[in-house]
Amino acid sequence: MATFLYKLGRLAFRRRHFVALIWVALLTLAGVGAASAPAAGNTSFSIPGTEAQKAFDLLEQRFPGASADGATARVVFKAPAGEKMTDAGNKATVNKTVKELAGGSEVASVADPYTGHAVSKDGTIAYASVKYKVSGMELEDSSRTALEDAADDARKAGLTVEIGGDALNAAPETGATEIIGIAIAAVVLVITFGSLLAAGLPLLTAIIGVGIGVSTVTALASALDLGTTTSTLASMIGLAVGIDYALFIVSRYRAELAEGRTREDAAGRAVGTAGSAVVFAGLTVVIALVGLSVVNIPMLTKMGVAAAGTVVIAVLIALTMIPALLGYAGRRVKPAGEKSKLLGGGRAAKEPARPNMGTRWASFVVRRPVAVLLLGVVGLGAAAVPAASLELGLPDDGSQPVSTTQRRAYDLLSEGFGPGFNGPLMVVVDAKDSARPKTAFTEVSDEIKGLKDVVTVTPPQPNKAGDTATITVVPNSKPSSTTTEDLVHAIRGAGDGIKAKTDAEILVTGSTAMNIDVSQKLNDALVPYLALVVGLAFLLLIVVFRSILVPLKAALGFLLSVLAALGAVVAVFQWGWLSGLMGVEQTGPVMSMMPIFMVGVVFGLAMDYEVFLVTRMREAYVHGEKPTQAVVTGFRHGARVVTAAAVIMIAVFSGFIGSSESMIKMIGFGLAIAVFFDAFVVRMAIVPAVLALLGRRAWWLPAWLDRALPNVDVEGEGLREKDTDADEDRELVHA
């Protein structure tokens, strides 16, 4: 592989005009496609194989035209102190608001609080349910404005009015912190390279790669039902790996220049060596992201595939556009050890009087490997302790900041109707095969009334055919509680006996039941997903490192870092530690998909640093150095760049903590802290300590397996043979 990539790097360097033209054309094409594509709507959140989804699909079939996936809003009214909502003046205000809401072109129906029994027992709180014909993200701005204006008019009449539901949902905003993350990355690159031009190359190529990836996602969003979160995550991951991959190749190019190679040859060798590491690092990320499809949640699959596509683009740009731009830069990109004139350089720096920081740190670790290993493992273990208290759930209005009208509406409904009112369960009774459908509906209703934690059971509402009915059940506990989860299981359990007596099938759905099913599905998929992703990456790393113990150590180190990162997420977003600093206004359960998504992404990124750092060690070992000396050599050449890459990635991910979307905020924080743990504790401390303890055994591989594995030559041994042949040719000429 090194030889092929070496030729590719030299070709891109020579044919730089052609390479640059191709990437500019692709960026233009993607941009035009994104600009001309229809706007994406709200991605459908379907969970195949769950009972809640089965019930939802049945409702679509048996209750046509009911707009089951349409946006909803609850306009909640509270009377002034000493008054009631049934007072004539307040009642007139509510009726006027209901009439005003019903006039919207996208409104399917509005339920009057006074005819729909939507007034609290004490008469102080009432609500009007608004149903729309389209989903929340497809609502026109005029519909949202009309909803808010109607609420404002009622407020002017003296009522407290808040709005809940998904009708007010809007696209997430990342905020200025994302730009700050990129700015930090730029500063780190300038410090690392000592050159503004060299620092600008990784940023430029990463932005082009993300531009192509995100524009492609935007262009296909409507056709493939991709949501706004998909492009946000693709940009987050694509930007981080794009900068890192380019950083490693530019750094190796400068190192090759410092050894006296021509610029074209240095570009080829940088792509042949560091580029090989980039290819395999990118493959591990792609495996981890595409592997999310085993969970069988379409939204998660689309997010993973879109992000993986952006990573592939980042790899291709690093292998082709970076050497092309280096060709354009010429002598303005200095060899390692030189700074640009603008930064006070312009001449070769003197050889440092003592080894660099990476060398000193690695020397310290190989002298005291046991102490460093224990300290690293114990530290990560302590950080992982909060993960034992992990609670999973999907966000609802109760997890919104208290400053939002959605959260205030949630609290008012809890005050007036009980905490379970915000998470009603919808029971669907399929009596198509029953000889007595009406009897089946009644028996189901009576059975549910006898269960614990049930406050209200509405009368069955049959469809026109009379073979299916819906029953709304209001629990006594809040939607995210374990008591409500137990009630869902109890209703489903009671369905077995009812089906035996009446041939009617009971299905439980609604947002609360859907959340419970999603959490269960994600928990069930975690072990198979880990087995698939870690197994494939383990095999890939065996090929890269030609070792059994090094990939095993890499996988175990990843588990430590991801558990510690999950512990940090629980501490901040569930327990509330440092929540003010992170902009977390409301603590609550960690999102159900967070652990499995974090496992996928962090595993891929963790293997990045493993490949970049350990391939340098492997290269030194293959070229004759002792195992402990190879560890030090790997750090001398790679520690500075890996540190810079980690800081950049942390900065980019941290930029998404400023997002208004709780999911993006949580993922940004989780990935940033995971990279910190993995890069600076696992890869910089635990890895060299373990390799020092293992010695030559670290690079052991059974002879039969060594013969069976393909030789991918990540260390560039084939390129070294080219050097030997060239030296012999020169000796013959001089002779």
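Before reading further, recall that the structure is shown in the block above.
Definitions and limits used
- Residues numbered from 1 in each chain as written.
- Predicted model: local features only at pLDDT ≥ 70, side-chain atom pairs only at ≥ 80, totals over all residues.
- Heavy atoms only, no water.
- Helix = DSSP H or I, 4+ residues; strand = E, 2+ residues; numbered from the N terminus.
- Contact = heavy atoms within 4.5 Å.
- 1 Å grid on protein atoms, 1.4 Å probe; cavity = no way out; pocket = protein on both sides within 12 Å on 5 of 7 lines; lining within 4 Å.
- Points joined across faces, edges and corners; volume = space filled by probe spheres on them.
- Nonpolar A, V, L, I, M, F, W, Y, C, P; charged D, E, K, R; others polar.
- Phe/Tyr/Trp six-rings, centres within 6.5 Å; stacked < 30°, edge-to-face > 60°.
- Lys NZ or Arg CZ within 6 Å of the ring centre and 35° of its normal.
- Salt bridge = Lys/Arg side-chain N within 4 Å of Asp/Glu carboxyl O.
- Buried < 20%, exposed > 50% of the residue type's maximum accessible area, 1.4 Å probe, protein only.
- Core = buried A, V, L, I, M, F, W, Y, C linked by side-chain atoms within 4.5 Å.
- Patch = residues over 30% accessible without salt bridge, like charges linked within 9 Å, V, L, I, M, F, W, Y side chains within 5 Å.
- Areas by Shrake-Rupley, 256 points an atom, 1.4 Å probe, with all protein chains shown as cover.
- Lys, Arg positive; Asp, Glu negative; His and termini not counted.
- Charge placed at Lys NZ, Arg CZ, Asp CG, Glu CD.

1. Some words on the environment of Leu326
Link 1 in the chain: Tracing the chain through its elements places Leu326 in helix H10 (residues 298–329).
Link 2 in the chain: Along the primary structure Leu326 and Glu264 are separated by 62 residues, whereas in three dimensions their C-alpha atoms are 9.0 Å apart.
Link 3 in the chain: Dropping the residues within four chain positions of it, Leu326 is found in contact with Phe13, Leu201, Tyr253 and Val333.

2. Looking at empty space enclosed by the protein
Link 1 in the chain: All told, the structure shown has one cavity of 30 Å³ or more when counted by the stated rule.
Link 2 in the chain: Considered as a void within the structure, the largest cavity measures approximately 60 Å³ in volume.
Link 3 in the chain: Along its surface, the largest cavity is lined by Thr205, Ala206, Gly209, Val210, Gly238, Gly242, Ala246, Thr310, Ala314, Ile317 and Ala318.
Link 4 in the chain: Elements with a minimum of two residues in the lining of the largest cavity: helix H7 (196–224), helix H8 (228–258) and H10.
Link 5 in the chain: Its residues placed into classes, the lining of the largest cavity shows six nonpolar, five polar and no charged.

3. Details of the packing of aromatic side chains
Link 1 in the chain: Following the criterion strictly, the structure yields nine aromatic pairs and no others.
Link 2 in the chain: Judged by centre distance (5.6 Å) and plane angle (50 degrees), the ring pair of Phe676 and Phe680 falls under tilted. With a gap of four residues between them, Phe676 and Phe680 both fall in helix H21 (residues 662–694), about one helical turn apart.
Link 3 in the chain: Here the aromatic residues Tyr127, Phe417 and Phe421 are joined through ring pairs into a cluster of three or more.
Link 4 in the chain: Over the ring of Tyr328 we find Arg16; its NZ or CZ atom is 5.9 Å from the centre of that ring.

4. Thoughts on the pattern of salt bridges
Between side chains of opposite charge, a pair can form when the charged atoms approach closely.
Link 1 in the chain: Applying the stated criterion across every chain yields a total of 21 salt bridges.
Link 2 in the chain: With a closest N to O distance of 2.5 Å, Asp152 and Arg155 form a salt bridge. Taken as a pair, Asp152 and Arg155 lie in helix H5 (residues 141–156) at a separation of three residues, close to a single helical turn.
Link 3 in the chain: On the basis of relative accessibility, which here comes to 32%, the residue Asp152 falls in the partly exposed class.
Link 4 in the chain: What makes Arg155 partly exposed here is its relative accessible area of 32%.
Link 5 in the chain: Salt bridges sharing common partners tie together Arg252, Glu256, Glu259, Arg261, Asp265 and Arg269.

5. As for the nonpolar core
Link 1 in the chain: In terms of nonpolar packing, the biggest core is built from 168 residues, with Tyr245 and Leu300 touching the most fellow members.
Link 2 in the chain: Ranked by residue count, the leading element in this core is helix H19 (residues 594–622), at 19 residues.
Link 3 in the chain: Among all residues touching Leu300, those that are not within four sequence positions of it are Leu292, Val295, Leu522, Met593, Ile596 and Phe597.
Link 4 in the chain: Membership of the second largest hydrophobic core comes to 25 residues, among which are Leu101, Val107, Ala150 and Val161.

6. What to know about a negative patch on the surface
Link 1 in the chain: Where like charges cluster on the molecular surface, the negative patch consists of Glu100, Glu148, Asp149 and Asp153.
Link 2 in the chain: Residue position: Asp149 is located in helix H5.
Link 3 in the chain: Take Asp149: its relative accessible area is 37%, and that puts it in the partly exposed class.

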